[in-house]
Amino acid sequence: MYMAGLNTIQIYVPWNYHEPVQGVYDFSGSRDLESFLDIANQTGLLVILRPGPYICAEWEMVGLPAWLLQKPNIVLRTTDPDYLKAVDSWLAVLLPKMKPWLYNNGGNIISVQVENEYGSYFACDYNYLRHLNVMFRYFLGEDAVLFTTDGNTDREMTCGTLQGLYATIDFGTDTNITKAFERQRRFERKGPLVNSEFYTGWLDHWGDNHASVETSRVSKMLGDMLALGASVNMYMFLGGTNFGYWNGADQDSRFLPVTTSYDYDAPLSEAGDPTDKLLAIRDVISKFRALPEGPMPPPTPKYAYGFVSLRKVGNLTGLLDSLSPQGPLQSQYPLTFEEVKQYYGYMLYRTKLPRTVVEPTPVISPLNGVHDRGYVMVNGVYQGLLERDTTLVLKVTGQAGDLLDILVENMGRVNFGSHINDFKGLVSNLFLGMDILSDWLMYPLDIDKAVASGWLQSKLKRSNPEASTIEESPGPSFYSGTLQTPGVAWDSFLKLGGWTKGQVWINGVNLGRYWPRKGPQQTLYVPGPLLSASQPNNITVLELEQAPLGLRVLFMDRPQLNRTMLRR
């Protein structure tokens, strides 16, 4: 980024990444924000900090912690007392850490954003913005440069701006630059013209085509803005990956979860490599400021490790003692993820068929209450899927007393708009025909802990090696295997051709979700530092629907982010 001619990096701080459990803060390892600021400083980059508390960013629940939803009536992003109490506690931890890094204090943070695109939210609560302004000033001082960012409409700029916070605007390549900056000027009479989010690409939802924005449009518009003397932040310059369960979702006419890859068609690829778009942007910047001396760093090496065969560990329902060691919770009617403090991932709901149903009889979610996907089994036999906004009825048969299991997957909480109070699990009652299903057991699943502990690998060693040669039965199941590299630990891309949908772990690290049938994303990015060059690398796959006959996965030396492979 520095060698491309940038002088500043803009970074979000996801609250839920640092306070996953209320009152428990984590700034270690990949969450070490101050180490990141130091690296930027050593590189020669200034920093614009965007600490929220709302960040959007296609990040799970807009960066707000899901434990806020334990107060079911909480009104987020307002002066709701429960919300403000939690916000104040978080800012009292975060902002004092940031104060020494402010530019006026000898650091490299030149400005700090308050909230984010607040004008697009329904509340338009000026007292909330005033409260945040007071908190930021209290912890950062009167000299800190605080600003807001809002979309290019009068309504958004009206509700998202506040006297004392410098008003900036955001827009992409489909916008008239002159009119957009004229709008900013109406709300901020003097000072720099600022496009705080100039969109170099766009996000992908599962089921979309891979988004792209033409390089020529990006470079031309960037040049036009710089020629006006404007400051421009390119969103994204590097998008990266929604590892684990960190992807967000949109909710318009239906629920649209974001893919694991956040490549964004950005100037730097998901793996951090320069693209033609970056080189074009660099050429534009060179017309306005001197570029650093020296060559552009090359792409990091990639390796096609080839095919790896997996073996079945077992069906998920047969492994509950290890995946949910604390046992189930009991309730007459189903509880949400938030009510049982299972904020991410998966939870198994279990009840019994209240009567014998010889003819196929519908299990119904009349209030669209499966958030987000429910994998339905009767006595351990997979029956099919209930899905938010899409599939609200599934017919089953069985005897009275048969176990009815529904594994519910949280596909990521909504990250924009008025639906961010996005509860997960079975959020309303299910029916069998006309009968309400009741007397539920709920098993919160700590799959990540089980995988990281090596338990699944140890179970695989005791399993029957012949099991992988028979046709796989459908339904949620675990598979495992090992990759032995040829003495290198380079970046790679994992393709699960023939697999349906699920989650992948490498050496206990959750790479994220795969869903090749839905697309567009076909490969998962595997960072080289996750791999061992000398020891076997453990691969764990949770397939939720149907594994292929071959039980193989493929490590490639290039990504495939669309349904058809693009040759480079």
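The name given to the chain in an unreviewed UniProt entry is BGAL galactosidase, with Polyodon spathula as the source organism.

Enquirer: What is the right way to look at the overall build of the chain in this model?
Expert: When you go through the chain residue by residue, the secondary structure sums to 11 helices and 30 strands. Here the C-alpha atoms of the chain give a radius of gyration of 25 Å, agreeing with the 24 Å that 2.2 N^0.38 yields for 568 residues. Seen along its three principal axes, the alpha-carbon backbone of the chain occupies a region of about 75 × 55 × 40 Å. Counting over 568 residues, the chain shows a buried share of 58%. The contacts of the chain with a sequence gap of at least 6 include a subset with a gap of at least 24, amounting to 78%. Surface summary for the chain: the accessible area is close to 23,300 Å², and the carbon and sulfur share equals 52%. The positive charge centre, built from 49 side chains, and the negative charge centre, built from 58, are 2 Å apart in the chain.

Enquirer: So what exactly am I meant to see when it comes to the sheet that holds strand β24 (residues 477-483) here?
Expert: On the basis of which strands lie adjacent, the open sheet formed by 5 strands has the order β11-β24-β29-β26-β27 and antiparallel pairing. Looking at the sheet topology across the chains shown, the edges are occupied by β11 (311-315) and β27 (509-514). The mean angle between the axes of side-by-side strands here comes to 20°, regardless of whether they run parallel or antiparallel. As paired strands, β11 and β24 are joined by 4 bridges and run antiparallel to one another. When the sheet's bridge partners are listed, arginine 311 is paired in β24 with serine 480.

Enquirer: Explain the sheet that holds strand β17 (residues 381-387) here, please?
Expert: Sheet strands pair by backbone hydrogen bonding; their relative direction is either parallel or antiparallel. Taken in spatial order, the 6 strands make up an open sheet running β12-β23-β13-β19-β16-β17, and their pairing is antiparallel. This sheet does not close on itself; its edge strands, each paired only once, are β12 (329-331) and β17. Averaged over all pairs of adjacent strands, the angle between strand axes in this sheet comes to 25°, irrespective of strand direction. As paired elements, strand β13 (residues 346-352) and strand β19 (residues 403-409) share 7 bridges and run antiparallel to each other. Opposite tyrosine 349, over in β19, you have isoleucine 406 as the bridge partner.

Enquirer: Looking at this model, I keep getting lost on the state of the cysteines. Mind explaining?
Expert: One covalent bond between the sulfur atoms of two cysteine residues makes up a disulfide. Following the criterion strictly, the structure yields 1 disulfide and no others. Free of any disulfide, cysteine 56 has its nearest neighbouring cysteine sulfur in cysteine 159, separated by 17 Å.

Enquirer: Explanation requested: the nonpolar core in the structure shown.
Expert: The nonpolar side chains of soluble globular proteins are, as a tendency, buried together. In this structure, Leu76 and Tyr83 are the most contacted members of the largest nonpolar core, which totals 120 residues. Examining the composition of this core, we find that 9 residues originate from one element, helix α3 (residues 81-98), more than from any other. The residues contacting tyrosine 83, other than those within four sequence positions of it, are Trp15, Pro53, Leu64, Leu68, Ile74, Val75, Leu76, Arg77, Thr78 and Tyr128.

Enquirer: I'm lost on the UniProt feature "domain: Glycoside hydrolase 35 catalytic" (unreviewed entry) in the chain in this one. Help?
Expert: Per the UniProt entry, the sites bearing "domain: Glycoside hydrolase 35 catalytic" (unreviewed entry) are residues 3-287 in this numbering. The distance from the first to the last C-alpha atom of residues 3-287 is 15 Å, and the span holds 32% helix and 15% strand.

Enquirer: So what exactly am I meant to see when it comes to the pattern of salt bridges here?
Expert: A side chain of one charge can pair with a side chain of the opposite charge if their charged atoms are brought near each other. In total, this model carries 21 salt bridges according to the counting rule given. Glutamate 197 is the salt-bridge partner of arginine 50, the closest N and O atoms lying 2.8 Å from each other. With arginine 50 in strand β2 (residues 46-50) and glutamate 197 in strand β6 (residues 194-199), the pair connects residues that are 147 residues apart, well separated along the chain. Residue classification places arginine 50 among the buried positions, given a relative accessible area of 2%. Between arginine 77 and glutamate 115 there is a salt bridge; the shortest N-O distance is 2.7 Å. Of this pair, arginine 77 sits in the loop between β2 and α3 while glutamate 115 sits in the loop between β3 (109-113) and α4 (126-140), and the two are 38 residues apart along the sequence. Since its relative accessible area comes to 0%, arginine 77 is described here as buried. Residues joined in a network through salt bridges with shared partners are Asp372, Arg388, Asp422 and Lys424.

Enquirer: Explain the packing of α3 against α4 here, please?
Expert: Geometry of a packed helix pair, given as the angle between the helix axes and the separation of the axes. Contact geometry for α3 and α4: axes closest at 10 Å, N-to-C directions at 25°. Taken as axis vectors, α3 and α4 run roughly parallel relative to one another. Crossing of α3 over α4 shows right-handed handedness. On the side of α3, the interface is formed by Tyr83, Leu84, Val87, Asp88, Leu91, Ala92, Leu95 and Pro96, while α4 contributes Tyr128, His131, Leu132, Met135, Phe136, Phe139 and Leu140. Each residue belonging to the contact of α3 with α4 can be placed in one class, and the counts come to 13 nonpolar, 1 polar and 1 charged.

Enquirer: Just to check I follow, could you spell out the side chain of threonine 168 for this structure?
Expert: Within the secondary structure, threonine 168 is located in strand β5 (residues 166-171). From its side chain, threonine 168 meets the backbone oxygen of threonine 148 in a polar contact 2.7 Å long. A distance of 2.7 Å separates polar atoms of two side chains, one belonging to threonine 168 and the other to serine 196. Excluding residues within four positions of it along the chain, threonine 168 makes contact with Phe147, Thr148, Thr149, Asp150, Met157, Gln184, Val194 and Ser196.

Enquirer: Would you mind going over helix α6 (residues 177-187) with me for this structure?
Expert: One turn of the α-helix equals 3.6 residues, which is why residues spaced by three or four share an orientation. Every buried residue belonging to α6 is among Ile177, Ala180, Phe181, Arg183 and Gln184, and all of these are buried. Burial along α6 is one-sided: seen end-on, the buried residues are contained in an arc of 150°. Residues of α6 that are buried in the fold lie against α5 (154-160), β5, β6 and α7 (215-227). The distance from a side-chain oxygen at the start of α6 to the backbone nitrogen of threonine 178 is 3.1 Å, and the residue carrying that oxygen is asparagine 176.

Rules and cut-offs
Residues numbered from 1 in each chain as written. Predicted model: local features only at pLDDT ≥ 70, side-chain atom pairs only at ≥ 80, totals over all residues. Heavy atoms only, no water. Helix = DSSP H or I, 4+ residues; strand = E, 2+ residues; numbered from the N terminus. Rg over C-alpha atoms; globule rule 2.2 N^0.38 Å. Buried < 20%, exposed > 50% of the residue type's maximum accessible area, 1.4 Å probe, protein only. Contact = heavy atoms within 4.5 Å. Areas by Shrake-Rupley, 256 points an atom, 1.4 Å probe, with all protein chains shown as cover. Lys, Arg positive; Asp, Glu negative; His and termini not counted. Charge placed at Lys NZ, Arg CZ, Asp CG, Glu CD. Pairing = 2+ DSSP bridges. Axes fitted to C-alpha atoms, helices over the stretch in contact; angles between N-to-C directions. Disulfide = S-S within 2.5 Å. Core = buried A, V, L, I, M, F, W, Y, C linked by side-chain atoms within 4.5 Å. UniProt positions renumbered as here; feature names shortened; annotations may be inferred. Salt bridge = Lys/Arg side-chain N within 4 Å of Asp/Glu carboxyl O. Parallel < 35°, antiparallel > 145°, perpendicular 65-115°, else oblique. Left-handed = near helix turned anticlockwise from the far one by under 90°. Nonpolar A, V, L, I, M, F, W, Y, C, P; charged D, E, K, R; others polar. Polar contact = N/O pair within 3.5 Å; in protein donor to acceptor, adjacent residues only side chain to side chain. Arc of directions from axis to C-beta.

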